[in-house]
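Tertiary structure, described
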Amino acid sequence: MKRKYLSSVVITLCAAISQPCIAAPQQVTEQPQSPNILLITADDMDYGSLGITGSAVPEISPNLDKLANEGIRFEKAFVTVSVSEPSRGVIATGRYIQNSGIVGFYPTTQPIPTLAEELKENGYSVGILGKLNHSTPKYVDEYIWDYSKDRPQLGDGRSPKLYQQHLTAFIESAKAKNKPFFMMVNSHDPHRPYFVDSPDYEQNGRQRPSRIYRPDEVEVPSFLPDLPGVRTELSQYFSSVKRLDDTVGALMNSLETAGVSDNTIVVFLSDNGISAPFAKSNVYRNSNHTPFFIRWPGKITPDVDDTHYISMVDLMPTLLEATGTNIPESLDGRSFLPLMELKAQTGRDHVFTQYFENAGSHIFPMSAVQNDKWLYIFNPWAVGGRMYKTSANNSKTFAAMKEAAKKDPAIKERVEFFLNRTVTELYDLRNDPDATINLADNPKYQTQQKQMENLMLKQFREFDDPMLELFTKRSDTEYLINRTAEIQVEAKRLKTIHRERRLAKKIEW
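Each value, and the rule that gives it
- Every chain is numbered independently, its residues counted from 1 as its sequence is written.
- Reporting of local features is limited, given that this is a predicted model, to residues whose pLDDT is at least 70; pairs of side-chain atoms are given and counted only at 80 or more, and all residues count toward the totals for whole chains, interfaces and linings.
- As a convention, hydrogens and water are excluded, and side-chain values are obtained from all of the structure's heavy atoms.
- Throughout this description, buried means an accessible area under 20% of the type-specific maximum (1.4 Å probe, protein chains only), exposed means over 50%, and partly exposed covers the range between.
- Numbering of helices and strands starts at the N terminus; helices are DSSP runs of H or I of at least 4 residues and strands are runs of E of at least 2.
- Two strands pair if DSSP finds at least two bridges between them.
- As a per-residue quantity, pLDDT reports the predictor's confidence and falls between 0 and 100.
- Note on definitions: a residue-residue contact is assigned when non-hydrogen atoms from the two residues lie within 4.5 Å.
- For a helix, the expected span equals 1.5 Å multiplied by the number of residues minus one.
- Each polar contact in these results corresponds to two N or O atoms within 3.5 Å; when the atoms are within protein, one needs to be able to donate a hydrogen and the other to accept it, and residues that are neighboring in sequence are counted only if both atoms are side-chain atoms.
- Pairing of aromatic rings covers Phe, Tyr and Trp, the last counted by its six-membered ring, and requires centre-to-centre distances within 6.5 Å; plane angles under 30 degrees mean stacked, over 60 mean edge-to-face, and any other angle means tilted.
- Sitting over a ring, as applied to charges here, requires NZ of Lys or CZ of Arg to be within 6 Å of the ring centre and within 35 degrees of the ring normal.
- Under this scheme, a helix contributes an axis fitted over its contacting stretch, all axes are lines through C-alpha atoms, and angles between N-to-C directions fall in the 0 to 180 degree range.

Most of strand S1 (residues 36-42) is tucked away, with 7 of its 7 residues classed as buried. Neither face of S1 is exposed, since Asn36, Leu38, Ile40 and Ala42 on one face and Ile37, Leu39 and Thr41 on the opposite face are all buried. As paired strands, S1 and strand S7 (residues 264-270) are joined by 7 bridges and run parallel to one another. Each bridged residue has a counterpart across the sheet, and for Leu39 the counterpart in S7 is Val267. Relative to strand S6 (residues 181-186), S1 runs parallel, the two sharing 5 bridges. Bridge pairing in S6 places Ile37 opposite Phe182.

In this structure, the amide linkage connecting Asp189 to the following residue, Pro190, adopts the cis form with an omega of -5°. Inspection of the secondary structure puts Pro190 in the loop between S6 and helix H8 (228-258). Here Glu59, not a glycine, exhibits a phi torsion of approximately 55°, which is positive. What makes Glu59 exposed here is its relative accessible area of 55%. Positioned with a positive phi, Ala435 is a non-glycine residue whose angle comes to about 55°. Positionally, Ala435 belongs in the loop between strand S14 (424-428) and helix H14 (446-462). For Ala435, a relative accessible area of 2% gives the class buried.

Our next topic: the confidence of the model for the chain. Residues at a pLDDT of 70 or more form 92% of the chain, whose mean pLDDT is 92. The model gives residues 1-32 a pLDDT under 50, and that stretch makes 76 contacts with residues more than four places away or in other chains.

Attention now goes to helix H13 (residues 409-420). With 12 residues, H13 should cover 16 Å at 1.5 Å per step; its first-to-last C-alpha distance of 16 Å lies within 8% of that length. Those residues of H13 that are buried lie in contact with helix H12 (396-404) and S14. Its side-chain oxygen 2.9 Å from the backbone nitrogen of Ala410, Asp408 forms the N-cap of H13. Count one or two residues on from H13 and you reach Arg421, which has phi positive near 60°.

Before going further, it helps to examine the packing of aromatic side chains. Using the criterion set out here, one finds 26 aromatic pairs in the structure. A ring pair is formed by Phe278 and Tyr284, whose centres lie 5.6 Å apart and whose planes are at 65°; its orientation type is edge-to-face. Pairing Trp381 with Tyr388 gives two aromatic rings, centres 5.8 Å apart and planes at 35°, and the pair type is tilted. By the ring-pair criterion, three or more aromatic residues cluster together here, those being Phe278, Tyr284, Phe364, Trp381, Tyr388, Phe398, Phe418 and Tyr427. Above the ring of Phe471, the side-chain terminus of Arg474 is found at 4.0 Å from the ring centroid.

As a further point, take the sheet that holds strand S11 (residues 351-357). Pairing is antiparallel across the open sheet formed by 4 strands, whose spatial order is S11-S12-S13-S14. Single-partner strands in this sheet number two, and they are S11 and S14. Here the strands of the sheet are splayed against their neighbours by 15° on average, with no regard to which way each runs. As paired elements, strand S13 (residues 374-378) and S14 share 5 bridges and run antiparallel to each other. Of the residues in S14, the one forming a bridge with Leu375 is Tyr427.

Next up, the structure:
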């Protein structure tokens, strides 16, 4: 039985919704050092933005393509939550949000194990570059980082050269201590504001990307309309993706120069999808589907896994097992190390995703389950005329869609559905991968809908998800209206508590 650490506040809120080996005597064979880990994350990047994942944008990602080809690439990998701090909280704790308390933009206050803490206990030096608050699962001033640098020391999080310098300094520090290292490197690319050039752009350490794209050079993701305003924003986005790739190249050079490349596990993923309608801060396929590569020279045979579904709730136990660190029994995730070793593993034919709150404390609880054929979504907030709001609403892409909707009925329908939704959604992913035709409650698909509902029920029950109560009452509109309103009030109260705590400690929000 898994132990859960649900604080009363979080229950109320969520109910709504090795040391390296020392040289042995000569007659004894020396044991190999524990592997280092370099965990690299992109910020707000769509799955299809890289050459290795299908992008036709010229010269977009040579460094990431090389990294992917040198390791194992999981084509069916998904982040658990499609917004920054909660997504990173899942990675750091190996728990779903209701069991860590990181349901929004604040850390956990629960005494639960975390990835960096467990590795440090096992003899690792641990460090972080970029996205410091969003990627630290407990309060930063109380956490155990040996080395940490944030935006001001990284050219606003947009300097490949500075990322490389700090990674090199950290590696040398770990070497001096004769310890293996865990470093989480968080690029601030391609998160908005996207790259827009200016004469003084490279002040304060920022760097231009190695290639700057024009609107006619980019491709529009299939879930967005091809409009001039969309292309303009995407040209800036892809220029930012290019700088992300520059950063990855710089990081890999750092490993090579330091002589640690062959004993370092390199992991790459994006924390969530692009900040555009029907992507980030939602539970559609384009919200959570992430490029996901793991390179481990001498241990992993380069391969592509296009069969098994991988969730980032499973990353912490996987890395702990790979380093020989004990896996706490209380985690929700399970290791997929057997898949990295090209062995079989059952129970990976679907994936569960969830969403609760954005940075502005707007509460839109959602849950989804998907497999190769179907995507089923539960939106308890979509009642009483409530309209959806998140960062994508402020994008140039959405502005272009709203303008085009004045004359184009199809785009108008998409805009209106984005804002309003329905309590349940069902999509045939084989014929409609971008989830444009909602088949929920269609008698023709009753059997398929029931199968997906049962998968969701199983998930809610197994992992103590308070969304279960709302799901069982999904036909009671009055209940959903009242309960989601209560959740919004409680969420704002909790956010205020955490904000005051951070301000009192003078920690950057």
